[in-house]
Every structure is written in C-alpha cells, then in structure tokens.
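# Examining the three-dimensional arrangement
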Amino acid sequence: QVHLVESGGGLVQAGGSLKLTCAASGRTFSTYSMGWFRQAPGKEREFVSAILWSGGSTYYADSVKTRFTISRDNAKSTVYLQMNSLKPEDTAVYYCAQLYSGPYYSQASYGYWGQGTQVTVSS
C-alpha cells in the first residue's frame, strides 16, 4: 500500500510562485517514477509533469514547460513541483501519483494517487 500526501497549494497572484510537495509512504519510493496531474473545474484531469525513479529524466506538458520544475528526494520519499510565473489558467487541484506501468503521460499508468491540493491563481 502507498500513501501520498500533497501540500503547498494556496492562493497566489498571477506571476507568483508556489512549490508543491508530495510525501510518500509505503512501497520503496526510490524505485518508482512519479507524476503530477491537475484538474480544473469542469475539465478532465490532465498530465503536468513526471520524473523517472532515478530523477535522471523529467517530462512536462507543453503548457507548463519552462515554468514548472519537477524534482525528487529519494532519501525523503518526496517529490516536488516548483511552479513559477503562474497564470490564472494554472488554477486546478494538483495531484501527485506513483507510476505503475505504462506511458508517463497517461493517468491509467498510475496506481496510487494523493488526495490533491488546490492551487488558485488570481489575475
């Protein structure tokens, strides 16, 4: 069993920054790739970013590339999402998830999910 807990969300003005944290417990964290997804009101959940188990490769949605940075600390079983230059369209509930099998950009590839943290960007 894996337990994921996100934190760090909040209300920020456009152009501001937030850093999300996802703390994991349970299975050996360092052997699994991790991802961040988000779901805006009235929209489907979408891929944001992913990082391989080693931290050697990272992936981003085009909409956040150059603004967001994913990282992980395997010693702390934690994955982070640094979000800079935030825009109102980044407003969503952000979820971290642990990759089980399949492409990193597909929700179906992830076996465990956190409860989500709300990010609201005001204009």
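Here the structure is shown first, and the text comes after it.
Remember, it's a predicted structure, so these values are computed and weren't measured experimentally.

## Some points on the overall build of the protein chain
Within the protein chain, the secondary structure is distributed over zero helices and 11 strands. Beginning at the N terminus, the succession of helices and strands in the protein chain can be written as β-β-β-β-β-β-β-β-β-β-β. Taken against the 2.2 N^0.38 rule, which gives 14 Å for 123 residues, the C-alpha radius of gyration of the protein chain at 13 Å falls within 12% of a compact globule. Across its three principal directions, the C-alpha atoms of the protein chain cover 40 × 25 × 25 Å. Sorting the 123 residues of the protein chain into buried and exposed places 42% on the buried side. The long-range share in the protein chain, meaning contacts at least 24 apart out of those at least 6 apart in sequence, stands at 56%. In the form shown here, the protein chain has an accessible surface area of approximately 6,100 Å², with 48% of it arising from carbon and sulfur atoms. A gap of 5 Å separates the mean positions of the 10 positive and 7 negative side-chain charges of the protein chain.

## Quick word on the packing of aromatic side chains
Considering all chains together, one arrives at eight aromatic pairs under this definition. Taken together, a centroid distance of 4.0 Å and an interplanar angle of 20° make the contact between Y59 and Y104 stacked. Note that Y59 is positioned in strand β6 (residues 58-60) and Y104 in the loop between β9 (92-99) and β10 (110-113), a separation of 45 residues in sequence. With a centroid separation of 6.5 Å and an interplanar angle of 80°, the aromatic rings of Y95 and W113 are classed as edge-to-face. Residue Y95 is located in strand β9, and its partner W113 is located in strand β10; the two are separated by 18 residues in the primary sequence. The buried category is assigned to Y95, whose relative accessible area is 15%. Judged by relative accessible area, which is 25%, W113 ranks as partly exposed.

## Things to note about the pairing of strand β3 (residues 18-25)
Of the two faces of β3, only the one carrying L18, L20, C22 and A24 is buried; K19, T21, A23 and S25 on the other face are not. Summarising the sheet, strand β1 (residues 3-7) and β3 pair through five bridges and their orientation is antiparallel. Across the sheet, E6 pairs through a bridge with C22, a residue of β3. By the bridge criterion, six bridges tie β3 to strand β8 (residues 78-83) in an arrangement that is antiparallel. Along β8, the bridge assignment pairs L18 with M83.

## Overview of the nonpolar core
Ranked by internal contacts, the top residues of the largest apolar core, which has 32 residues, are W36, F68, V79, L81, M83 and Y94. Of all elements in the fold, only β3, β4 (34-39), β5 (46-51), β7 (68-73), β8, β9 and β11 (117-122) reach the threshold of two or more residues within this core. Here the element with the most residues in this core is β9; it accounts for five residues. Contacts of Y94, omitting those with residues within four sequence positions, involve E6, L20, W36, F37, R38, V48, F68, L81, M83, G116, T117 and V119.

The rules we used
- Residues numbered from 1 in each chain as written.
- Predicted model: local features only at pLDDT ≥ 70, side-chain atom pairs only at ≥ 80, totals over all residues.
- Heavy atoms only, no water.
- Helix = DSSP H or I, 4+ residues; strand = E, 2+ residues; numbered from the N terminus.
- Rg over C-alpha atoms; globule rule 2.2 N^0.38 Å.
- Buried < 20%, exposed > 50% of the residue type's maximum accessible area, 1.4 Å probe, protein only.
- Contact = heavy atoms within 4.5 Å.
- Areas by Shrake-Rupley, 256 points an atom, 1.4 Å probe, with all protein chains shown as cover.
- Lys, Arg positive; Asp, Glu negative; His and termini not counted.
- Charge placed at Lys NZ, Arg CZ, Asp CG, Glu CD.
- Phe/Tyr/Trp six-rings, centres within 6.5 Å; stacked < 30°, edge-to-face > 60°.
- Pairing = 2+ DSSP bridges.
- Core = buried A, V, L, I, M, F, W, Y, C linked by side-chain atoms within 4.5 Å.

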